[in-house]
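Chain by chain, the residues run as shown.
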Amino acid sequence: MKKTLVSALTTAIVVGAASTTFAAANPFSDVPADHWAYDAVSQLAADGVIDGYGDSTFQGDKNITRYEMAQMVAKAMAKTDVSAQDKALIDKLAAEFSDELNNLGVRVSNLERNADKVKWNGKMEYTYKSNRIENEAKSGKEKTNSNELLFRLEPSAEVNDHWHVNARIDAKTYMNTDSGDADNSDNAKLKRAYAQGDYKNFSTQLGKFGLYTPEQGLVFDDEMSGAKVTFGKDLKASLYAGRLNLSDSALAYNTEKLGNGRTFRDDTPDIEGLTLQYDVPTSKLSGGAAYYHLSSDGFKGLTGKASHDTLNPGVQYKNGANNSDEANIWSLNLGYNFDGTSRISGAYAQNTEADNLDHSWQAFYNYKGAQAENKNTWGVYAGYRYLGTYTSIFGTQDAQVVGAKGWEIGADYTPFKNVVASAKYFNGKGIESDRDAQTLWGRVDFLF
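All of the points below concern the structure found in this document. (Residues numbered from 1 in each chain as written. Predicted model: local features only at pLDDT ≥ 70, side-chain atom pairs only at ≥ 80, totals over all residues. Heavy atoms only, no water.)

1. Some remarks on the environment of Tyr-367
The cut-off we apply is this: Counting from the N terminus, the helices are DSSP H or I runs at least four residues long and the strands are E runs at least two residues long. A simple rule labels every residue: compare its accessible area, found with a 1.4 Å probe on the protein chains alone, to the largest value its type can have, and call it buried under 20%, exposed over 50%, or partly exposed in between. Two residues form a contact once any of their heavy atoms are found within 4.5 Å.
Assignment of secondary structure puts Tyr-367 in strand β12 (residues 359-368). By relative accessible area, which is 26% here, Tyr-367 ends up partly exposed. In this structure Tyr-367 touches Thr-341, Ser-342, Trp-378, Gly-379 and Val-380, once residues within four positions along its chain are discounted.

Rendered as structure tokens:
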């Protein structure tokens, strides 16, 4: 929210007087205890933007009046050295308490308040990927390049104080063929559409939403259709149930017919999950555990061999690779922040029903990181990943693919505000094929 220096100084002066001058004659009603503003102000207090009543608390269970809440928002608006995430919270709070802020002498236009009801975010993203994979039939390595251009829109519409409706629309084209996909058709898809309700220490998502599991995408990094509920503040428990589309999974390369005449690529298994995660911004330590259950005819007795596929060098199926139509996957993750710039993290996951390729693990060191809103910020990382095909079914695949193991390094940089460039390099082998594989991966994001 744009503010002149004069308005910022006026805010600071008015708010300093308001706490003593107007508090006794407050004409506004209390803010309900389950209002989203409490969590937003708590986050701003944790980030050091505001200080609540002066002791970083809300005086126990005492409800805050809208007037008192506006005073805190006004203090936050007077700050200029805040992160983009905190500024977004401040803008949302300012729109909610615009009337009270106007009475304090802090102007919030009706246009800004109405515009807050529906927001559009998105990006244009260019990704280059070059694979060099040992060829079993030829000497040397086979090279395959891809150039993908993605345009993404992410609208979010406010329903009321607690509910929003969100969506994601992706349109892809491939620069090397100037087409949407292999048959030259357009490729625009509704990837997500869900309603989200946020209450104090409780939230829920209903519809088709993102499924990025807390072990940093080791098991799932995709979408699912169904429901998810999350409880807790510092230690959060999430429960979810629904369906998954396996067409983009690591197992989709199997084309054996299932009992109903479909291939595994067409299957949509049930999924149930439970995650427990401790992740507090002010704490150096984070960690958690998770359990996932999936059921699909495609898990049983996979046959065939896909190791010849140059885009998936590690996948090599064996007869009877799995003796059950279920997958039971558990995982653990742990992370530690050293000084605000350095972080180490690791995760392990295992599918207890699989007979091979039944576990995955990764360990990373991260230093700093590019921030889209801050020009010239940057970061680097290094790590080792072992991605078993029957565990990392939807694991994150950028430089490395599921079914492979090896080292990965990367860096990102923000040359201009809202423009982020990333590069990654992977060097490893297929877990079962034992073929050498190297991947050079690069991406540029233009965010809006």
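2. What about the pattern of salt bridges?
Our working definition: For this document, the term salt bridge refers to a Lys or Arg side-chain nitrogen within 4 Å of an Asp or Glu carboxyl oxygen.
Scanning the entire structure with this criterion turns up 12 salt bridges. Lys-172 is paired through a salt bridge with Glu-148; the nearest N and O atoms lie 3.8 Å apart. One end of the pair, Lys-172, is in strand β3 (residues 163-174); the other, Glu-148, is in strand β2 (residues 141-158), with 24 residues separating them in the sequence. Notably, a salt bridge pairs Lys-424 with Asp-398, separated by 2.7 Å at the nearest N-O pair. Here Lys-424 is found in strand β15 (residues 419-430), whereas its partner Asp-398 is found in the loop between β13 (378-387) and β14 (404-416), with 26 residues between them in sequence. An identical accessibility class is assigned to Lys-424 and Asp-398; each is buried. Here the residues in one salt-bridge network are Lys-123, Glu-125, Arg-443 and Asp-445, joined through shared partners.

3. A look at the nonpolar core
We apply this condition: Each nonpolar core is a collection of buried residues, namely Ala, Val, Leu, Ile, Met, Phe, Trp, Tyr and Cys, held together in the definition by side-chain atoms within 4.5 Å.
Ranked by size, the top nonpolar core spans 24 residues in total, and within it Leu-44, Ile-50, Met-69, Val-73, Leu-93, Phe-97 and Leu-101 carry the most contacts. Broken down by secondary-structure element, the contributors of at least two residues to this core are α2 (36-46), α3 (66-77) and α4 (84-96). Of all hydrophobic cores here, the second largest spans 22 residues; its members include Phe-209, Leu-211, Ala-290 and Tyr-292.

4. Topic: the packing of aromatic side chains
Test applied: When the centres of two rings from Phe, Tyr and Trp lie within 6.5 Å, Trp using its six-membered ring, the rings pair. Their planes under 30 degrees apart give stacked, over 60 give edge-to-face, and anything left gives tilted.
Counted according to the given criterion, the structure contains 13 aromatic pairs. Ring centres of Tyr-199 and Phe-202 lie 6.3 Å apart, and the angle between their planes is 45 degrees; this geometry places the pair in the tilted category. When its relative accessible area of 26% is taken as the criterion, Tyr-199 is described as partly exposed. A residue is classified by how much of its surface remains accessible, and Phe-202, at 28% relative accessible area, is partly exposed. Measuring from ring centre to ring centre gives 5.1 Å for Trp-361 and Tyr-384, while their planes differ by 25 degrees; the resulting arrangement is stacked. You can see Trp-361 sitting in strand β12 and its partner Tyr-384 sitting in strand β13, a full 23 residues away along the chain. Here the aromatic residues Phe-220, Tyr-240, Tyr-292 and Phe-394 are joined through ring pairs into a cluster of three or more.

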